[in-house]
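Structural features, examined
Take a look at the letters that make up each chain.
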Amino acid sequence: MKDLLSPKDIVRSGLCIGCGSCVAQAASNGTAMDFDWYGQLKPKGPEEWYRSDSESFTRTCPFSPAAKNEDHLAAELYPTARQAHLATGRFETAYVGHVSEEDFRLQGSSGGMVTWVATELLRRGLIDGVAHVVASQNPQEEGRYFRYRISRTEAEVRQGAKSRYYPIELSEILQMIREVPGRYAVVGIPCFIKAVQLLRREDPIFRERIRFTLGLFCGHMKSARFVESFAWQMQVPAEQIEQVEYRHKDPNRPANWYNARLTLRDGQVVNRDWWHLADGDWGAGFYMNSACNFCDDVIAETADISFGDAWVEPYSSDGMGTNVVVVRSPLIQELVANAVNENRLMLEEVDAKFVEQTQAAGFRQRREGLAYRLTWSRTGVQPRKRVAPDSKSATRQRKLIYRIRYYISAGSHNVFKLARSIKKPQLYIRWARMAAAVYHGLAYHQGKLGEMLKRFAELRG
Ligand SMILES: Cc1cc2nc3c(=O)[nH]c(=O)nc-3n(C[C@H](O)[C@H](O)[C@H](O)COP(=O)(O)OP(=O)(O)OC[C@H]3O[C@@H](n4cnc5c(N)ncnc54)[C@H](O)[C@@H]3O)c2cc1C
Ligand code: SF4
Ligand code: SF4
């Protein structure tokens, strides 16, 4: 393998998550992040930039095997952390609970903690802006439903609440942070936070200006085609979609019954439970970015504070939503502890084991599953992970599930592309139902054919 890498090497090896860090650093004109044929963001630019190997790229791309790993970064960032665990990395304190003041919880995807922490940092005068993901103003004109924005007021930060399982990228906001002096917080999924921390090590401007990092736990990233698939299955034209809500909150239903909602230009609203969508089982891996197959950070181990959903009972059944929170920065720890004392936050301390249990499926896929995938032969850049290759520990059943998930991810990108190009949505929908039914039978019913057929019939409606 080459010592120095280029963006092209990472993209060609299926390891580009589309963070935009390379584009933000590019000194060359004409570089940008753009959607590819599969609805995934990838770096584009003049060939001499795209193909050129460089030391700084090799050190800062989050999927470069030569970049410092999460353990190394966290040891530098949080040297005095009180606790450490293989699942969570270093941390001060972990909690389960939600925001109790105002309507943060109701407006948030789970307990509203991300928006609360971002708002509190602004209220306390500790930052001037928050880089996070908001809905595009004119999605059809802009060609994307969501994008990163720097919000500078409490109202703007609160507008951004809710999870977006949609490709977004950091290049524009990083350029803005470089151009406009100030103190910023960045909200991001684990690989994006890693990219930010790698950039902060490299560049004193980012080190000085990005004061806080807020990480989201992450299962995987979906492509933009997931939204088009919603439209196909809800039988509305994708080019009429004005707003996308991945998880509409209904306090009267369990939090893990996701309901997707599309608002059209004429005001019409359509919705469907993920359970009734052919590609709505998160575990089946539809539209997953291929880089996610080689990721070992589930809970943003290099962020000052990380947030997820408490996917264990009794919390999963509470439709209001409940966060798991892992705090690493002593300053944020103080903010959170004070707010708990003032009853503005309703949080209970938990241990790392509890946090791990809330993400059991994610850890299986990204520890045991990753170890297995690392034994498969592949061409191009070889990922270097904290997990060692291992094809022995997983049972046959688990290995089969990892294989099927891998093929469903790859298949969903390709079958959707074909169905879209020949304008035959049914081709994809039928394939997706079949794939989902097979996954369902294997993952939840020990491969029973009857259960697969039953699930297929259910999905056909
Ligand atoms: C792709 C993805 C996968 C996830 N996978 C898991 C998982 O497997 N397990 C789990 O427990 N939790 C997962 N989460 C996190 C979870 O969905 C919630 O975001 C988290 O629990 C925080 O909820 P909240 O109510 O505190 O946040 P809110 O108060 O609703 O605030 C959410 C904040 O995140 C920002 N945001 C939304 N989407 C993105 C994005 N794509 N990238 C960066 N910032 C964004 C918003 O702008 C807002 O500031 C995932 C999130 C994403 C985006
Ligand atoms: S992962 Fe990020 S830094 Fe690496 S090639 Fe892709 S966009 Fe560039
Ligand atoms: S699974 Fe890992 S690589 Fe994929 S989006 Fe999430 S943090 Fe990034």
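Residues numbered from 1 in each chain as written. Chains lettered and ligands numbered in written order. Predicted model: local features only at pLDDT ≥ 70, side-chain atom pairs only at ≥ 80, totals over all residues.

1. Quick word on the overall build of the protein
Counting its regular elements, the protein contains 19 helices and 15 strands. For 461 residues, the compact-globule formula gives about 23 Å, and the C-alpha radius of gyration of the protein, at 21 Å, lands near that figure. By its C-alpha atoms, the protein is 55 × 55 × 50 Å across when sized along the principal axes. When each of the 461 residues of the protein is scored for burial, the buried share is 49%. Contacts in the protein between residues far apart in sequence, at least 24 positions, make up 68% of those at least 6 positions apart. (Helix = DSSP H or I, 4+ residues; strand = E, 2+ residues; numbered from the N terminus. Rg over C-alpha atoms; globule rule 2.2 N^0.38 Å. Buried ≥ 20, exposed ≤ 12 C-beta atoms within 10 Å, placed from the backbone. Contact = placed C-beta atoms within 7 Å.)

2. Considerations on the packing of helix α18 (residues 425–444) against helix α19 (residues 449–460)
Contact geometry for α18 and α19: axes closest at 8 Å, N-to-C directions at 140°. In terms of axis orientation, α18 runs oblique to α19. With respect to the hand of their crossing, α18 and α19 are arranged in right-handed fashion. In contact with Arg433, Met434, Ala436, Ala437, Val438, His440 and Gly441 of α18, α19 contributes Leu449, Glu451, Met452, Arg455, Phe456, Leu459 and Arg460. Grouping the constituent residues of the contact of α18 with α19 by class yields eight nonpolar, two polar and four charged. (Axes fitted to C-alpha atoms, helices over the stretch in contact; angles between N-to-C directions. Parallel < 35°, antiparallel > 145°, perpendicular 65-115°, else oblique. Left-handed = near helix turned anticlockwise from the far one by under 90°. Nonpolar A, V, L, I, M, F, W, Y, C, P; charged D, E, K, R; others polar.)

3. Let's talk about the site of ligand 2
Among the 14 residues in the neighbourhood of ligand 2, the closest are listed as Cys16, Cys19, Ser21, Cys22 and Cys61. At three residues, the largest contribution of residues to the shell around ligand 2 is made by helix α1 (residues 7–12). (Near = placed C-beta within 6 Å.)

4. Observations concerning the sheet that holds strand β13 (residues 305–309)
The strand order β7-β6-β8-β9-β13-β14-β5-β15 describes an open sheet built from eight strands, whose pairing is mixed. Every interior strand has two partners, whereas the edge strands, β7 (146–151) and β15 (345–350), have only one. Neighbour to neighbour, the strand axes of the sheet diverge by 25° on average, direction disregarded. Sheet analysis places strand β5 (residues 93–99) next to β15, joined by six bridges and oriented antiparallel. (Pairing = 2+ DSSP bridges.)

5. So, the packing of helix α17 (residues 396–421) against α18
At their nearest, the axes of α17 and α18 sit 9 Å apart, and the two run at 175° to each other. One finds that α17 runs roughly antiparallel with respect to α18. Across the interface between the two elements, Leu400, Ile401, Ile404, Ile408, Gly411, Ser412, Val415, Phe416, Leu418 and Ala419 from α17 touch Pro425, Leu427, Tyr428, Trp431, Ala432, Ala435, Val438, Tyr439, Leu442 and Ala443 from α18. In terms of residue class, the contact of α17 with α18 is made up of 18 nonpolar, two polar and no charged.

6. Remarks on the domain arrangement of the protein
Structurally, the protein comprises domain 1 (7–60), domain 2 (70–222 + 286–362) and domain 3 (370–460). Relative placement of domain 2 and domain 3: their C-alpha centres are 29 Å apart. At the junction of the two partners, domain 2 supplies eight residues and domain 3 supplies twelve residues. Here the side of domain 2 that touches domain 3 is built from residues that sort into four nonpolar, one polar and three charged. (Domains from an automatic or database assignment.)

7. Here we look at helix α13 (residues 225–234)
By the criterion of burial, α13 is predominantly enclosed, with seven of the ten residues buried. Among all positions of α13, only Arg225, Phe226, Val227, Ser229, Phe230, Trp232 and Gln233 are buried. The first or second residue beyond α13 is glutamine 235, which carries a positive phi of 55°.

8. A closer look at the sheet that holds strand β10 (residues 241–245)
Taken in spatial order, the three strands line up as β10-β11-β12 in an open sheet, and their pairing is antiparallel. Two strands close off the open sheet at either side, each with one partner strand: β10 and β12 (269–273). With strand direction ignored, the average angle separating the axes of adjacent strands in the sheet is 15°. As defined by bridge partners, β10 adjoins strand β11 (residues 259–264) across four bridges and the pair is classed as antiparallel. Pairing of glutamine 243 across the sheet is with threonine 263, part of β11. With respect to the sheet, α13 is in contact with β10, β11 and β12, its orientation differing from that of β11 by roughly 85°.

9. Observations concerning the nonpolar core
Buried together is how nonpolar side chains tend to be arranged in soluble globular proteins. With 126 residues, the main nonpolar core has Val117, Ala118, Val130, Ala185, Leu214, Ile305 and Val325 as its most contacted residues. Considering each element in turn, this core owes the most residues, nine residues, to α18. Apart from residues lying up to four places away in sequence, alanine 118 is in contact with Val130, His132, Val157, Ala185, Val187 and Leu214. (Core = buried A, V, L, I, M, F, W, Y, C linked by C-beta atoms within 7 Å.)

10. Re the environment of aspartate 71
By secondary structure assignment, the location of aspartate 71 is in helix α5 (residues 70–77). Separated by 61 residues in sequence, aspartate 71 and isoleucine 10 place their C-alpha atoms 22 Å apart.

11. A closer look at the environment of leucine 427
Relative to the helices and strands, leucine 427 resides in helix α18. Each C-alpha atom of the pair leucine 427 and phenylalanine 35 lies 23 Å from the other, and the pair is 392 residues apart in sequence. Excluding anything up to four places from it in sequence, leucine 427 contacts Val415, Leu418 and Ala419.

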